[in-house]
Amino acid sequence: MSTTVTPEQVESRVLDALVTFGADASVVSRDATWEQLEVDSLDLVELAQVVEDEYGVEITSQDMQSLPTVGSVIDLVVERAA
Amino acid sequence: MSEANGTPERAGCALVTGGSRGIGAASARALAADGWPVAIVYRSSDEQANALVAEIEAAGGRALAIRADVSDPDAADAAFTAAEAELGPVLVLVNNAGIARDGLAPQIGDEDWDAVVATNLTAAFRLTRRALKPMLRARFGRVVNVASVVGLRANPGQANYAAAKAGLVGMTKTVAAEVARRNITVNAVAPGFIETDMTDGLLDAVTEHIPARRPGTPDEVAACIRFLASDEASYVTGATLVVDGGLSA
């Protein structure tokens, strides 16, 4: 599974998930913060679940606290899936 | 409403722990009657679990008996996974499994304390945690925890049981608040004295203290669980529904 994961795939999946959670698609980007997207703690739990289900990467609530932007999550997933 | 018997077709299943007997068995029947395929998780009574599956299937429903001790984390997780594999995502979870190891507080040993808390509270939390992740993604879920009036008021001789059941009520409220915005409800029922194997031999002594002057039946508790699991109960969450014939009124 991990050998087929590309940064582009992860970015696309994460951005899609955030839009599904209700984030404004025109604002969703790598540089966006959770506050800008109005993404709440439950959304982040769900994002972690999506990532775990689809890439086998576990992201804890402690991890999330040090990941202020969309891009920082994407980078962590790519790093751990490698 | 696509089924011949008029019940809705469900996109997942219900899982009932302690499902082969008493309140659990009655709940499994009630949820099956509402169209839910039901995973009946049980610890010891193969014969009763298999008979219940046969009964539900004879009535046109789907059911699966899974033997597991829910206080064993690996066994509980495996049971949950087996239910998902066979019946689809668990969208209704009824945490009913419970044990009692009664005694006055000075005589409750660590083993009896730990065993009751492990089965009645910790196992319910683990299964709830396990269930919530797919429920979050499904944007739907119903968790019903079977607490007890003993978790709400004193009952000498059951400090361990009371603590675990009170813990269930507290867990119910907080988890309900955490996930309410995802159309997931988490509620509890608090039965009083119900005619089950667990209360066998105790009822004569307490019936006179029950305003209804009789013990409850498993079906009367199951009816409440069925309601809390229903679409109609969509705005009920964090609640504890007391089912005790007026005992704690």
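Quick word on the overall build of chain A
Part 1 of the reasoning: Summing up its helical and strand segments, chain A has 5 helices and 0 strands in all.
Part 2 of the reasoning: Overall, chain A shows an N-to-C arrangement of helices and strands of α-α-α-α-α.
Part 3 of the reasoning: For a compact globule of 82 residues, the expected C-alpha radius of gyration is about 12 Å, and chain A comes in at 11 Å, within 12% of that figure.
Part 4 of the reasoning: Oriented by its inertia axes, the alpha-carbon framework of chain A measures out at about 30 × 25 × 20 Å.
Part 5 of the reasoning: Relative to its 82 residues, chain A shows a buried fraction of 28%.
Part 6 of the reasoning: In chain A, the share of contacts with a sequence separation of at least 24, taken over all contacts with a separation of at least 6, comes to 57%.

Here's the deal with the confidence of the model for chain A
Part 1 of the reasoning: Per-residue confidence for chain A averages 91 on the pLDDT scale, and 96% of its residues sit at or above 70.
Part 2 of the reasoning: The secondary structure element of chain A with the lowest average pLDDT is helix α4 (residues 61-65) of chain A, at 88, and the one with the highest is helix α5 (residues 70-81) of chain A, at 95.

Structural notes on the interface of chain B and chain A
Part 1 of the reasoning: On the chain A side, the residues contacting the 7 residues of chain B number 4 residues.
Part 2 of the reasoning: Breaking the side of chain B that touches chain A down by element, the ones donating at least two residues are α4 (110-138) and α5 (159-179) of chain B.
Part 3 of the reasoning: Sort the elements by how many residues they give to the side of chain B that touches chain A and α4(B) lands first, with 3 residues.
Part 4 of the reasoning: Taken together, the residues of the side of chain B that touches chain A sort by class into 2 nonpolar, no polar and 5 charged.

Some details on the pairing of strand β6 (residues 184-191) of chain B
Residue and element names in this part refer to chain B.
Part 1 of the reasoning: The element β6 is extensively covered by neighbouring structure, given that 8 of its 8 residues are classed as buried.
Part 2 of the reasoning: Judged by which residues are buried, β6 turns out to be covered on both faces: Ile184, Val186, Ala188 and Ala190 on one side and Thr185, Asn187, Val189 and Pro191 on the other are all buried.
Part 3 of the reasoning: Pairing of strand β5 (residues 141-146) with β6, which is carried by 6 bridges, proceeds in the parallel orientation. Note on β6: the bridge partner recorded for Val144 is Asn187.
Part 4 of the reasoning: Bridge analysis of β6 against strand β7 (residues 240-243) gives 4 bridges, and the strand direction is parallel.

Some thoughts on the pairing of strand β1 (residues 13-17) of chain B
Within a regular strand, side chains alternate between the sheet's two faces.
All names here are of chain B.
Part 1 of the reasoning: Across the 5 residues of β1, 5 count as buried, placing the element largely inside the fold.
Part 2 of the reasoning: Note that β1 and strand β4 (residues 90-95) share 4 bridges and pair parallel. Bridging from a neighbouring strand, Leu15 pairs with Leu93 of β4.
Part 3 of the reasoning: In terms of strand pairing, β1 meets strand β2 (residues 38-42) through 4 bridges, oriented parallel. Paired with Val16 across the strands is Ile40, a residue of β2.
Part 4 of the reasoning: The parallel pair β1 and β2 is bridged by helix α1 (residues 22-33), and the resulting crossover is right-handed.

A few points about the packing of α1(B) against helix α7 (residues 218-228) of chain B
Residues and elements named next belong to chain B.
Part 1 of the reasoning: In the contact formed by α1 and α7, the axes pass within 8 Å of each other and the chain directions differ by 50°. With respect to α7, the axis of α1 lies oblique. For the element pair α1 and α7, the recorded crossing hand is right-handed. Side by side, α1 and α7 meet where Gly22, Ile23, Ala25, Ala26, Ser27, Arg29, Ala30 and Leu31 of the first sit next to Pro218, Asp219, Val221, Ala222, Ala223, Ile225 and Arg226 of the second.
Part 2 of the reasoning: Of the residues contributing to the contact of α1 with α7, the split by class is 10 nonpolar, 2 polar and 3 charged.

So, the sheet that holds β4(B)
Residue and element names in this part refer to chain B.
Part 1 of the reasoning: Pairing is parallel across the open sheet formed by 7 strands, whose spatial order is β3-β2-β1-β4-β5-β6-β7. Strands at the two margins of the open sheet, each flanked by one partner only, are β3 (63-67) and β7. Between one strand and the next, the sheet's axes are offset by a mean angle of 20°, whatever the strand orientation.

Thresholds, definitions, all that
Residues numbered from 1 in each chain as written. Chains lettered and ligands numbered in written order. Predicted model: local features only at pLDDT ≥ 70, side-chain atom pairs only at ≥ 80, totals over all residues. Helix = DSSP H or I, 4+ residues; strand = E, 2+ residues; numbered from the N terminus. Rg over C-alpha atoms; globule rule 2.2 N^0.38 Å. Buried ≥ 20, exposed ≤ 12 C-beta atoms within 10 Å, placed from the backbone. Contact = placed C-beta atoms within 7 Å. pLDDT = per-residue confidence, 0-100. Nonpolar A, V, L, I, M, F, W, Y, C, P; charged D, E, K, R; others polar. Pairing = 2+ DSSP bridges. Right-handed = clockwise from strand over helix to strand, strands pointing away. Axes fitted to C-alpha atoms, helices over the stretch in contact; angles between N-to-C directions. Parallel < 35°, antiparallel > 145°, perpendicular 65-115°, else oblique. Left-handed = near helix turned anticlockwise from the far one by under 90°.

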